[in-house]
Amino acid sequence: MASTGTRTLRLLALLQKRRYWPGPELAERLGVSQRTLRRDIDRLRELGYPVRARRGVEGGYELAAGAALPPLLVDDDEAVALAVGLQTAAQGTVGGLEDASVRALAKVVQVMPSRLRRRVEALAAMTVPAAWDAGAPMNVDPSVLTGVALACRDSERLRFSYTAADGHETEREVEPHRVVSLGRRWYLVCYDLDRHDWRSFRLDRLSSPRGTGARFRPREPPAPDAAAFVRARIEDLWSVHDVEVLVDAPAETVSARIGRWATVEEAGAGRCRVRLATDSLDWVAFALGVVGAGFQVVSPPELLDHVHDWGRRFTAATRVTPATRDARGTDP
């Protein structure tokens, strides 16, 4: 049997991994009796972790929000800073960390007391994110993002209001599968119980998500990769430009940088072919700049003009010297 300290940490990890655990199943996972499990639960409560018990034949345990934060060795201000920082990373300001940030944010919010949660929401509401593309802001309510992520994790049916592109609002009930970050937007991939089919929904158009309390057995997903499913839906429904570019870099290198948003294939001689569908040529120019390699535009022709326009503006950039600054009478 593992030591008490090791077992307690493993118990905490299991409680954070899933919202609710039946007592017998949790004891079996830990390799202990239910009596020992109850003692370990009491030990967590003594440490400040809010563990709620359900009695009865189907009784079990869940980690709930409490009156104080668990002893993570952070104070209230640090906890608020942690949540806000995770929200910022979830919005894509740190490449490659979006999905992990949402998972971590969901865990923090789950046990954060309401008084701190209100501070996080107020700070987020009054903060303007510095997005590179002013025409396509994220504008996703953090409570929507974390609520949907938790429903995906717990396999809990979800209801919400959804506003389509034409302004028509509907009520939906779904079985959530995955949350996907794609093209600086967030999407929910789910099985729509009213349409009896798989759907993807933009989270910035989704409001009032609420769990129904009903669990479901996960269905076979519509594609091995949830991001690929969303990308295909965008191409079918929203695309304006079908982009194809030959990049002077191996496919592995390019995929590591923009593979989430594009299809990347080897093209021989150290080159690769990049295909994507988008409604913003600015975003394509940005992505190609991030790759850091030469490229040739296959289609559409207007992309080449667009990239050249970016190039002219970048080439025309100058450095502010003390003389020019004094002549303008302003700081750079």
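Residues numbered from 1 in each chain as written. Predicted model: local features only at pLDDT ≥ 70, side-chain atom pairs only at ≥ 80, totals over all residues. Heavy atoms only, no water.

Caption draft 1: Structural context of unusual backbone geometry. Backbone torsion omega between Ser299 and Pro300 reads -5 degrees, so that peptide bond is classified as cis. Position of Pro300 relative to the elements: it lies in the loop between strand 12 (295–299) and helix 11 (301–315). Its identity is not glycine, yet Ser208 carries a phi of approximately 55 degrees, on the positive side. Position of Ser208 relative to the elements: it lies in strand 8 (residues 206–215). One non-glycine residue, Ala269, lies in the positive phi region at around 55 degrees. Residue Ala269 is classed as exposed on the basis of its relative accessible area of 82%. (Helix = DSSP H or I, 4+ residues; strand = E, 2+ residues; numbered from the N terminus. Buried < 20%, exposed > 50% of the residue type's maximum accessible area, 1.4 Å probe, protein only.)

Caption draft 2: Here's a closer look at the pattern of salt bridges. The final tally for this structure, using the stated rule, is 19 salt bridges. A salt bridge links Arg43 to Asp40, with the shortest nitrogen-to-oxygen separation between them at 2.7 Å. Here Arg43 pairs with Asp40, and both are found in helix 3 (residues 34–47), just 3 residues apart, close to one helical turn. Residue Asp40 is classed as buried on the basis of its relative accessible area, which comes to 1%. When the shortest N-O distance is used, the salt bridge between Glu173 and Arg159 registers 3.3 Å. Highlighted residues: Glu173 in strand 5 (residues 169–182) and Arg159 in strand 4 (residues 156–163), separated in sequence by 14 residues. (Salt bridge = Lys/Arg side-chain N within 4 Å of Asp/Glu carboxyl O.)

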